[in-house]
Amino acid sequence: MSEEDKKPLQSSLRVQELIYGLRISEVMTSKVFAVSKNCTMRDVREIMRNNEISGVPVVDSKRVVGIVTMNDLMNALEEGALDDSVITWMTSEVQTLAEDMPLSFGISAFGKFSFRQFPVVNKSNELTGILTFRNINHALIRELSRQLRHMERQSENPPEADSLRFTKVYQLARYDFENGGTASSEIKKFLKSRGVPPKLVRRVAVASYELEINLVAHSIGGMLSFDINEERVKISSHDRGPGIADTAQAMTEGFSTANEWIRSQGFGAGMGLPNVKRVSDEFAIESAVGMGTMVQAVIYLKQEKEHESQ
Amino acid sequence: MKVSDLESMEQFTCLQPKYSDVEITAGYTSDLLSDVMGNAEENSVLITIQAHKNTVAVSSLAGVAAIIICSRRPCPDDMLAAAAAEGLAVFRTAENQFETSARIARLLGM
């Protein structure tokens, strides 16, 4: 069996999906040591030494204006300039992450940039934390043990044969239109076999198929996961890029970045994401260029009233 | 009108005869699969020139009862194999989408 033929284990995909599903705010260190513009490199040295950290953000009324790394400190030391202001020596082109981004974006950022830590900011652009590799490793271990406990519980009490409980993660590769649709078709059959009303099955199928095709047509690859219980179907799509520059535009019916080849496959009409939103009871999209896109769609299985699109 | 009623008409050549013979209650004409996915009614007949395996996948998910490929477009084998696996009828016609839509509309008493 060659490497490409090896299908990843469902459990390993689950763990990956769990990690992707975490927000940066749930993983980052919230107790951040930051310095103001008036501080000196000597202050930074003290902070680094006492707290065993390798990067200190510089803030101006809570906004991040730069970061002093171990490298910057060494440069200042060499020049005997420890009493200089941090402004002179800091790295001012600092890449920040938003705290409500999925952790997958943070992981992409470590791949894309050579920084060893990323200051994390809230919606008002104020510093709220810092993300390091160490945080990610911790989150990984935490999620792995959580998943392990979950699997142990499941093997003790397997779900009943006709239960509506189901979780599965599918991996999708770029331009693999051959397999785009497999996940949706499996989920549709599952819901049908459990007696879910056809109208609801169809809504799930629409959301899932559009997300599947989006991954195949527009992303460099990603995963689609399903988490189903008696109450609802939750579909999450995570990809590794390229990311959407303007999500509001991507949500506009008729807007598409599809090329001719994608169009020749019958796709690229600019209806994908709007279709997903229309059939969903809850819908969320998060994207950052170079880091990826996350879409989450929830469809309630116990409908109190008819969905507006029906 | 049932799917088998289409098979008996001279304008339509049945390319995939292993289908479930359900009642057709509507029609939808489109070559854009997202449009079909989002808007085609359950148990409708899809009128299209998009002869592709993905058309079968979308039709099956959307609950389309039969596909009519217009203007004598060739249907690839993998498309027909997928349709057979889903129990979905595929017909071909020499007429274009407009003519076929008009014909189906008359049959549906519209």
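Scroll up to find the structure.
Definitions and cut-offs
Residues numbered from 1 in each chain as written. Chains lettered and ligands numbered in written order. Predicted model: local features only at pLDDT ≥ 70, side-chain atom pairs only at ≥ 80, totals over all residues. Contact = placed C-beta atoms within 7 Å. Helix = DSSP H or I, 4+ residues; strand = E, 2+ residues; numbered from the N terminus. Nonpolar A, V, L, I, M, F, W, Y, C, P; charged D, E, K, R; others polar. Buried ≥ 20, exposed ≤ 12 C-beta atoms within 10 Å, placed from the backbone. Pairing = 2+ DSSP bridges. Axes fitted to C-alpha atoms, helices over the stretch in contact; angles between N-to-C directions. Parallel < 35°, antiparallel > 145°, perpendicular 65-115°, else oblique. Core = buried A, V, L, I, M, F, W, Y, C linked by C-beta atoms within 7 Å.

1. Things to note about the interface of chain A and chain B
Line of reasoning, step 1. The partner chain B presents 18 residues to the 18 residues of chain A that form the contact.
Line of reasoning, step 2. Looking at the side of chain A that touches chain B, the elements with two or more residues in it are α8 (182-193), α9 (198-218) and α12 (272-279) of chain A.
Line of reasoning, step 3. Here the element with the most residues in the side of chain A that touches chain B is α9(A); it accounts for six residues.
Line of reasoning, step 4. For the side of chain A that touches chain B, a count of residues per class yields eight nonpolar, seven polar and three charged.

2. Comments concerning the pairing of strand β6 (residues 127-132) of chain A
Line of reasoning, step 1. Extensive coverage of β6(A) is indicated by the burial of five of its six residues.
Line of reasoning, step 2. Taking the residues that link successive antiparallel strands as the turn, the strand β5 (residues 117-121) of chain A-β6(A) hairpin has five residues, and the phi of A:Asn125 there is positive, at about 70°.

3. Some points on the packing of helix α3 (residues 53-62) of chain B against helix α4 (residues 77-86) of chain B
The packing of two helices is summarised by the inter-axis angle and the distance between the axes.
Residue and element names in this part refer to chain B.
Line of reasoning, step 1. Here α3 crosses α4 at 20°, and the two axes come no closer than 7 Å. As summarised for this structure, α3 and α4 are arranged roughly parallel, according to the angle between their axes. Across the interface between the two elements, Lys53, Thr55, Val56, Ala57 and Ser60 of α3 pack against Asp78, Met79, Ala82, Ala83 and Glu86 of α4.
Line of reasoning, step 2. Residue classes in the contact of α3 with α4 are distributed as five nonpolar, two polar and three charged.

4. Focus: the nonpolar core
Line of reasoning, step 1. Counting 69 residues, the largest nonpolar core has A:Ala207, B:Ala66 and B:Ile68 as the members making the most contacts within it.
Line of reasoning, step 2. Take this core: its biggest share by element is 11 residues, from α9(A).
Line of reasoning, step 3. If you look at the next biggest cluster of nonpolar residues, it comprises 19 residues, including A:Leu97, A:Leu103, A:Phe118 and A:Ala139.

Geometric descriptors of this kind do not, in isolation, establish any biological role.
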